[in-house]
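Now for the letters of each chain:
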Amino acid sequence: MLTRRTFFQSSIVAGGSLVAGAPLVLPARLFGAQAPSERVRVGFIGTGNQGMGLLKRFLAAELGEVVAVCDVNEGSFGYKELDHFYGRLPAKQLVEADAKKRIKSGVVPTCEAYADFRKLLDRQDIDAVVIVVPDHWHRIISVLALEAGKDVYCEKPLTFSVADGRPLIDAVRKHKKVFQTGSHERSNPVSQFVCEAAKSGKIGTLQKIVTKVGYNNKVGPGPGWQPMPVPATFDYRAWLGPAPEAAYHVDRCLYRFRFHYDYSGGQITNFGAHCNDMAHWGMGLDVGGPTEIECLDAKFLPAGSLFNTATETRFRCKYANGVELICESGPEMVQTRFEGTTGWLQTGYKGTTASDPALLKDCPPAAKGTSDPHSAHLANFVECVKTRKEPRAPVEVGNSSAVLCHIANAMIRLFPETGPVVAKWDAQNEKFIDNDDANRMLVREVRNPWG
Ligand SMILES: NC(=O)c1ccc[n+]([C@@H]2O[C@H](COP(=O)([O-])OP(=O)(O)OC[C@H]3O[C@@H](n4cnc5c(N)ncnc54)[C@H](O)[C@@H]3O)[C@@H](O)[C@H]2O)c1
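These numbers were taken from a predicted model, which means no experiment stands behind them.

Cut-off values and rules
- Residues numbered from 1 in each chain as written.
- Predicted model: local features only at pLDDT ≥ 70, side-chain atom pairs only at ≥ 80, totals over all residues.
- Heavy atoms only, no water.
- Core = buried A, V, L, I, M, F, W, Y, C linked by side-chain atoms within 4.5 Å.
- Buried < 20%, exposed > 50% of the residue type's maximum accessible area, 1.4 Å probe, protein only.
- Helix = DSSP H or I, 4+ residues; strand = E, 2+ residues; numbered from the N terminus.
- Contact = heavy atoms within 4.5 Å.
- Salt bridge = Lys/Arg side-chain N within 4 Å of Asp/Glu carboxyl O.
- Near = heavy atom within 4 Å.
- Polar contact = N/O pair within 3.5 Å; in protein donor to acceptor, adjacent residues only side chain to side chain.
- Areas by Shrake-Rupley, 256 points an atom, 1.4 Å probe, with all protein chains shown as cover.
- Nonpolar A, V, L, I, M, F, W, Y, C, P; charged D, E, K, R; others polar.
- Domains from an automatic or database assignment.

A.B. asks: Kindly report on the nonpolar core, identifying the contributing residues and their values.
C.D. replies: Counting residues in each nonpolar core, the largest one holds 51 residues, and the members touching the most others are Ile293, Phe315, Ile412 and Phe432. No other element matches helix α12 (residues 395–418), which puts 10 residues into this core. Apart from the residues within four sequence positions on either side, Phe432 is in contact with Ile293, Ile407, Ala410, Met411, Ala423, Lys424, Trp425, Ala438, Asn439 and Leu442. Met52, Tyr79, Leu378 and Val385 belong to the second-largest nonpolar core, a separate cluster that totals 38 residues.

Following this line, the structure appears as structure tokens:
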């Protein structure tokens, strides 16, 4: 029987026969207005800062039907900006209000709100999930979603550790699912232009890439901070999940988790997942990594502060093709600069420039509105769910960019003890060569029952 699940997964109707891998052409008369090729049914897991942003874009661009949302937070203030009110109930209300606006008569579909993502994954009528939870959950929820038969869009940084990558890649390929890493710069026409120009030799032979990640944009409590009572609307145990036991503080969780190594990797994995992904893209290295890496500088808050990721840092890598990559903290949130033998190109959140304006003659304008890079990246995912094509940021690409950020963090965390040390990296086997201390940092402890 052709169910919506088996339909998306395996076969394409073409000329009356089923042809694997052919473009999707489904006569709408087979299914009417609810043709599965028209409406992908999606669940959003994690409806905080970025989850709500993606949800709004998904609805505005009418990319599919959001039938369920999930968050361990019922709803509260205190996200990126303290007056942002997010969580599963605000998300449910947003989806239902949007449906009400569109459906002029008849029954308005409800959007179920779950506290436990496993209940959402159990639903057989959901084709795909958008996972926008803190990094320490990415691999776990993604793999369970893939095993439950869902296509997956998972936010960057794709993984929480180097060890996360292989099981995630294997699950995507074993279950033959569509998987998009949330590296939305891959769907930004300006980034596409600049990275492809660098890759195709428009600035001669590439020699050096300089990437910038923003300084920490939040200040957490210092040494001697006191735990806070857990709000009744927040399931803190479920939020911690695989992470080590820790006393509750609001600054540990919503949005600000990115400044704690137990859940994320600071701005090196946050913004670094974008600009270093673009560095790999521009040098034509979608899969792989450097041959050596060295931390040149790293500053941290005083011991005992709640935030423990580096506040400022600088690292350097060398690649087998001779390219040098330098990544450093600065006032720009995300910036990637390519330097070649005949010129340079630079792009980031503050704009795009070049050694010669002629290099940017054909550069498209920045996309806005329902085709902004986040929306375009979601649209590319939905399109691939329908066509079974590979999305713009496949799992292997997302993994390689994340691995670079993780090995940089290993060297950054060792820096206060070792100072600058050149570490040899075996990209194929994803291991440091002769550096046990750094290798120990490639695996993160996973608390049961998630181990
Ligand atoms: N592509 C981008 O430009 C971009 C921008 C911002 C954030 N992100 C990524 O999105 C992810 C989330 O970041 P954020 O800023 O939205 O954080 P956030 O804290 O604002 O939101 C995360 C939400 O996930 C919920 N959550 C945590 N564990 C959960 C679980 N087990 N099940 C269900 N919900 C759970 C939290 O309660 C919270 O509401 C991060 O990985 C971040 O790197 C990407």
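Structure's up, so let's keep going.
A.B. asks: Outline the pattern of salt bridges, supporting the account with residue identities and numerical values.
C.D. replies: A complete count under the given rule lists 32 salt bridges for this structure. Measuring nitrogen to oxygen at the nearest pair gives 3.1 Å for the salt bridge that ties Arg166 to Asp170. In this pair, Arg166 and Asp170 both sit in helix α6 (residues 162–175), four residues apart, roughly one turn of the helix. Among the residues examined, Asp170 registers a relative accessible area of 39% and is labelled partly exposed. Connected through shared salt-bridge partners, Arg39, Arg41, Glu65, Arg123 and Asp125 make up one network.

A.B. asks: Any details on the site of the ligand? Residues and values, ideally.
C.D. replies: Taken together, 30 residues form the shell around the ligand, and within it Asn49, Asp71, Tyr79, Asp135 and Tyr255 come nearest. Here an oxygen atom of the ligand sits 3.3 Å away from a polar atom, N or O, in the main chain of Val133. One of the side-chain nitrogen or oxygen atoms of Arg258 is found 2.9 Å away from an oxygen atom of the ligand. In isolation the ligand offers 840 Å² of accessible surface; the protein chains occlude 96% of this area. Mapped onto the shell around the ligand, the elements with two or more residues apiece are α2 (49–60) and α8 (236–240). Of the residues contributing to the shell around the ligand, the split by class is 14 nonpolar, 11 polar and five charged. Two domains share the shell around the ligand, each providing at least three of its residues, namely domain 1 (4–184) and domain 2 (186–365 + 395–440).

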